[in-house]
Amino acid sequence: MSILKDLEFRGLLHQITDREGLDKKLSEERVVLYCGFDPTADSLHIGSLLPILTLRRFQLAGHIPLALVGGGTGLIGDPSGKANERTLNGPEVVEAWSQSIKNQLSRFLDFSRNIENSAELVNNYDWLGSLNVIEFLRDVGKNFTVNYMLAKDSVDSRITKGISFTEFSYMILQSYDFLKLSETKNCSLQIGGSDQWGNITAGLELIGKSTDRRAFGVTLPLVTKSDGQKFGKTEGGAIWLDATKTSPYQFYQFWLGTADNDVIRFLKYFTFISHEEIERLEGEVQAQPEKREAQKLLAREVTQLVHGEEALESALNITSALFSGNLQELTRAEIEEAFKDVPSTTLEQADVPLIDLLISVGAAPSKRQARQDLESGAVSVNGVKVTDLEVTAGQLGRLGESYLIIRRGKKNYYLVKLA
């Protein structure tokens, strides 16, 4: 199956320039393609995962992906999809973020020099940073009319609220990126999110006016959830690819919570499992949704892809321990990861009565309620139900040498660290 047919099956072709011509080129030669990632934070989030994995799909199909880090355009700010002007970050910040993003991209693409279609990381600051403004305006800017730029969605959507010349010029800089990669890397295809269509087609026009080369553009769909909520956002904020910002356990749980109406689409988008397996799982979701087989596979596949096998095993161990209540299986690191966002407190002395501890961590509003919860069996510590009204924190066994995990009811957890 051709790469475009695979992308089509997965619902990944949103817009495409000259489908027939691109299909022919991809079937006849090894194509160099690129996608850009601007350093707007010290980590990419899962909104960037779709284009990253699409680059990977092209590489697996034998083509050569260029992952472009926008060290130059990151200093300007892309107006696409933004209602207001971005805050400009300093060169040192953007440079540090660029390096972090380079490290993340290297997890998904094969940069081995012993293969013919090795991926390559490029940074557009290498050519944008040394541009002469007069020459740039004469040689590049002259190819763009203001009317043409105003007609692009990324600009038109901002006209009423206002757009600075800085962000207005972003389209020209990205177009120049495509031209530069076309001339220096023989790059003939740019991919990006649906909000990049205007920037991509502008680049195609610049290449057409400046060279005799032929180039193509493909955009991917905007990822949305069937209930209308924004994809990649939770109550705790964005889902990041950096394990220190979103732990592998939290990452796994995000995908595990995918709705039935979304799970097949997300399996197509974010995994590399076969068409046949996806179709089988689609029937499984319809026939036995309560098994959540598709969600479990989605969570496993994406977590392993982003964080590796060891992190996946830890996420599965935490999930299993919390489900079964067998918390003794958790390591110290897993305890800290699983309960990093629950109410917590540190005890300097171990002789604190459990009743008082329930109040101090917020598990009970009063001693009377704490007693009632203990007597009714609503409280467990380290996975073991506790009904003793006189027991102290020090008399309860510790997990990970330092911790007590208190649970009140089915879902309310509290973490106590004994100094």
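As annotated in an unreviewed UniProt entry, the protein chain is Tyrosine--tRNA ligase from Paenibacillus roseopurpureus. If you open the UniProt record of the protein chain and go to Function (unreviewed entry), you find "Catalyzes the attachment of tyrosine to tRNA(Tyr) in a two-step reaction: tyrosine is first activated by ATP to form Tyr-AMP and then transferred to the acceptor end of tRNA(Tyr)."

Chemist: Describe the sheet that holds strand E4 (residues 120–123), naming the residues involved and giving the relevant values.
Modeler: Reading across the sheet, the six strands line up as E1-E6-E5-E2-E3-E4 and stay open at both edges, with mixed pairing between neighbours. Here the strands that pair on one side only, and so sit at the sheet edges, are strand E1 (15–16) and E4. Taken together, the two bridges between E1 and strand E6 (residues 216–220) define a ladder with antiparallel strand orientation. Across the sheet, the residue bridging to Ile16 is Val218, located in E6.

Chemist: An account of the sheet that holds strand E11 (residues 384–385) is requested, with residue identities and associated values reported.
Modeler: As summarised here, the arrangement of the five strands in space is E9-E13-E12-E10-E11, forming an open sheet in which the pairing is mixed. Two strands lie at the open edges of the sheet, namely strand E9 (344–347) and E11, each paired on one side alone. Judged from the six bridges that link them, strand E12 (residues 403–408) and strand E13 (residues 412–418) form a sheet pairing that is antiparallel. Among the inter-strand pairings, Ile405 is bridged to a residue of E13, identified as Leu415.

Chemist: How would you summarise unusual backbone geometry if you had to cite specific residues and measurements?
Modeler: Here the phi dihedral of Asn186 falls at roughly 60°; this positive angle occurs in a residue that is not glycine. Look at Asn186 and you get partly exposed, because its relative accessible area is 48%. One non-glycine residue with positive phi stands out, namely Asn382, at about 55°. Here Asn382 lies in the loop between strand E10 (379–381) and E11.

Chemist: Outline the nonpolar core, listing residues and values.
Modeler: Counting 58 residues, the largest nonpolar core has Leu49, Leu189, Leu241, Trp255 and Phe270 as its most contacted members. Ranked by the residues each element gives to this core, the list is headed by helix H15 (residues 293–307), at seven residues. If sequence neighbours within four positions are ignored, Leu241 has contacts with Ser43, Leu44, His45, Ile46, Leu49, Ile52, Gln104, Arg107, Phe108, Phe251, Val306 and His307. Counting 30 residues, the second-largest nonpolar core is a separate cluster that includes Ile64, Phe144, Ile172 and Leu179.

Chemist: Please set out the side chain of Thr17 residue by residue, giving values where relevant.
Modeler: One can find Thr17 in the loop between E1 and helix H2 (19–28). On the basis of relative accessible area, Thr17 is assigned to the buried category, the value being 16%. One polar contact links the side chain of Thr17 to the main-chain amide nitrogen of Gly217, over a distance of 2.8 Å. Excluding residues within four positions of it along the chain, Thr17 makes contact with Trp197, Leu204, Phe216 and Gly217.

Chemist: Let's hear about the UniProt feature "binding site: L-tyrosine" (unreviewed entry) in the protein chain: which residues, and what values?
Modeler: The UniProt record annotates "binding site: L-tyrosine" (unreviewed entry) at Tyr34, Tyr170 and Gln174. Not counting the four nearest positions on each side in its chain, Tyr34 is found in contact with Leu55, Leu66, Leu68, Gln174, Asp177, Phe178, Leu181, Cys187, Leu189, Gln190 and Ile191. Turning to its location among the elements, Gln174 is positioned in helix H10 (residues 170–185). Beyond its immediate stretch of four places on either side in the chain, Gln174 contacts Tyr34, Gln190, Gln196, Asn199 and Ile200.

Chemist: Go over helix H11 (residues 197–210), please, and point to the residues and values.
Modeler: In this model, H11 (14 residues) spans 20 Å end to end at C-alpha, consistent with the 20 Å of a helix rising 1.5 Å per residue. Of the positions making up H11, those classed as buried are Gly198, Asn199, Ile200, Thr201, Ala202, Gly203, Leu204, Leu206 and Ile207. Considering only its buried residues, H11 is in contact with helix H7 (146–150), helix H8 (153–156), H10, strand E5 (187–193) and E6.

Chemist: Can you explain the pairing of E5? Please cite residues and give values.
Modeler: For E5, the buried fraction is high: six of the seven residues fall into the buried class. Where E5 and E6 come together, five bridges link them in parallel fashion. Each bridged residue has a counterpart across the sheet, and for Gln190 the counterpart in E6 is Gly217. Note that the unit made of E5, H11 and E6 has a crossover that is right-handed.

Chemist: Tell me about the environment of Asp242, and please be specific about residues and values.
Modeler: On the secondary structure map, Asp242 appears in the loop between strand E8 (237–238) and helix H12 (248–256). Of the residues examined, Asp242 reaches a relative accessible area of 18% and is grouped as buried. Note: C-alpha distance between Asp242 and Leu322 (80 residues apart in sequence) is 24 Å. In this structure Asp242 touches Ser43, Leu44, Gln104 and His307, once residues within four positions along its chain are discounted. Engagement of the side chain of Asp242 in a polar contact is seen with the side chain of Thr244, the distance being 2.8 Å.

About the criteria used
- Residues numbered from 1 in each chain as written.
- Predicted model: local features only at pLDDT ≥ 70, side-chain atom pairs only at ≥ 80, totals over all residues.
- Heavy atoms only, no water.
- UniProt positions renumbered as here; feature names shortened; annotations may be inferred.
- Pairing = 2+ DSSP bridges.
- Helix = DSSP H or I, 4+ residues; strand = E, 2+ residues; numbered from the N terminus.
- Buried < 20%, exposed > 50% of the residue type's maximum accessible area, 1.4 Å probe, protein only.
- Core = buried A, V, L, I, M, F, W, Y, C linked by side-chain atoms within 4.5 Å.
- Contact = heavy atoms within 4.5 Å.
- Polar contact = N/O pair within 3.5 Å; in protein donor to acceptor, adjacent residues only side chain to side chain.
- Expected span 1.5 Å × (residues − 1).
- Right-handed = clockwise from strand over helix to strand, strands pointing away.

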